[in-house]
Amino acid sequence: ILGIIAPSFPAFLDELHCKYKNLGDGAIADYIPELSKVNPDLFSICVATVDGEVYQVGDFNRLFTIQSMSKVFAYGLALEDHGRDYVLTRVGVEPTGDAFNAIILDEQSKRPYNPMVNAGAIATTSLIKGKGATERLNRMLDMYRRYVGKDVYVDMSVFTSERSTGHRNRAMAHLMLNFGMIDGHIEEALDLYFQQCAVMVSCRDLAVMAAALANKGVNPITGEQAVDSRYVKDILSVMYTCGMYNFAGEWAYKIGIPAKSGVSGGIIAVVPGKMGIAVFSPLLDSRGNSVRGVKVCEELSQKFGLHMFDCR
Ligand code: GLN
């Protein structure tokens, strides 16, 4: 791993964990009732390098639902299924500056703005190919398996909790159906979207998934191609410009690496050619990003010069 990770890296992860473990700012997401049951103290930081080393601290094996971090991976699958040009006709690549759950489409094209906010993610998921709901779900789960290196499953209570309360997402789906951005069967598309969000992963799994994106789409532990390398730049570009919702600009400016957060409290970040970073801590700020997660990534970026445009 020489040259990829500074020797002080593992010790610095411990230091960061210690420094922020008592930071109690933020709130747990409770608009999906099942999510509100999580222990707010959980906290883990993991880094996986492109040569398969994993550094981890805290509750790194604890499972939680992937939520919006799934959008990154589903976008890759939709690109593989349809190619860049077609996907672009259904989902844009423009940051919104609005909240992740804003009910808003591009005035002119009627497309959702980008695949990292809910509307765009639902449209993206509706593009996943398969004969019927089961085949589509299985293709999604198989995609996750390639990234994680083992089978994953959908947490039924989080899935049903979101399905029975997710009327805002349902409203977006109807709006997109109205404009022809989703074809038919919106309940099926929504189910697959809620299932994709309710897949259980650990912080360690997320670091490996992010490392695959840092590694030309190849899982650095199993050596399996998780996503066609052609689409890695598409994925990382939208993560960079849109992954942190209405904090994306400030994140790009300050931290400077492609990233994606989710309301369960995870953040994944990708340092191309080097490593995947994952932080899990369920307390969220007003934009829905993990408070400790943002702090940890900011410190890691500064300390090790990870900002993409840092030329010190
Ligand atoms: N499943 C969640 C939703 O659609 C995901 C949102 C998020 O993680 N920001 O509302």
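Being a predicted model, the structure only gives us computed values, none of them experimental.

Definitions and cut-offs
- Residues numbered from 1 in each chain as written.
- Predicted model: local features only at pLDDT ≥ 70, side-chain atom pairs only at ≥ 80, totals over all residues.
- Buried ≥ 20, exposed ≤ 12 C-beta atoms within 10 Å, placed from the backbone.
- Helix = DSSP H or I, 4+ residues; strand = E, 2+ residues; numbered from the N terminus.
- Pairing = 2+ DSSP bridges.
- Near = placed C-beta within 6 Å.
- Nonpolar A, V, L, I, M, F, W, Y, C, P; charged D, E, K, R; others polar.
- Axes fitted to C-alpha atoms, helices over the stretch in contact; angles between N-to-C directions.
- Contact = placed C-beta atoms within 7 Å.
- Domains from an automatic or database assignment.

A. Local environment of the pairing of strand S1 (residues 44-49). The buried fraction of S1 is high, at 6 of 6 residues. Here S1 shows no split at all, with Ser44, Cys46 and Ala48 on one side and Ile45, Val47 and Thr49 on the other all buried. Bridge analysis of S1 against strand S2 (residues 54-58) gives 5 bridges, and the strand direction is antiparallel. From the neighbouring strand, Ala48 faces S2, where its bridge partner is Val54. Connecting the antiparallel pair S1 and S2 is a turn made up of 4 residues, with Gly52 showing a positive phi of about 85 degrees. Two strands pair when backbone bridges link them, and S1 and strand S7 (residues 275-280) are joined in this way by 6 bridges, in the antiparallel orientation. Its bridge partner lying in S7, Thr49 is registered against Met275.

B. Fine view of the site of the ligand. Around the ligand lies a shell formed by Gln67, Ser68, Phe100, Asn101, Asn118, Glu162, Asn169, Cys197, Gly262, Val263 and Gly288. Of the residues contributing to the shell around the ligand, the split by class is 3 nonpolar, 7 polar and 1 charged.

C. Inspection of the sheet that holds S1 at higher detail. Strand order in the open sheet formed by 5 strands is S2-S1-S7-S6-S5, with antiparallel pairing between adjacent strands. Since the sheet does not close on itself, it has two edges, and those belong to S2 and strand S5 (259-261), each with one partner. Pairwise comparison of adjacent strand axes, ignoring direction, gives a mean angle of 10 degrees for this sheet. Contacting S1 and S2, helix H1 (residues 9-20) runs over the sheet at an angle of about 20 degrees to S2.

D. Spotlight on the domain arrangement of the protein chain. As far as domains go, the protein chain holds domain 1 (9-67 + 200-304) and domain 2 (68-197). Opposite the 39 residues of domain 1 that make contact, domain 2 presents 33 residues. Elements with a minimum of two residues in the side of domain 1 that touches domain 2: strand S4 (200-201), helix H9 (203-214), helix H10 (232-242), S5 and strand S6 (266-271). With 6 residues, the single largest contributor to the side of domain 1 that touches domain 2 is H10. Counted by class, the side of domain 1 that touches domain 2 contains 22 nonpolar, 11 polar and 6 charged residues.

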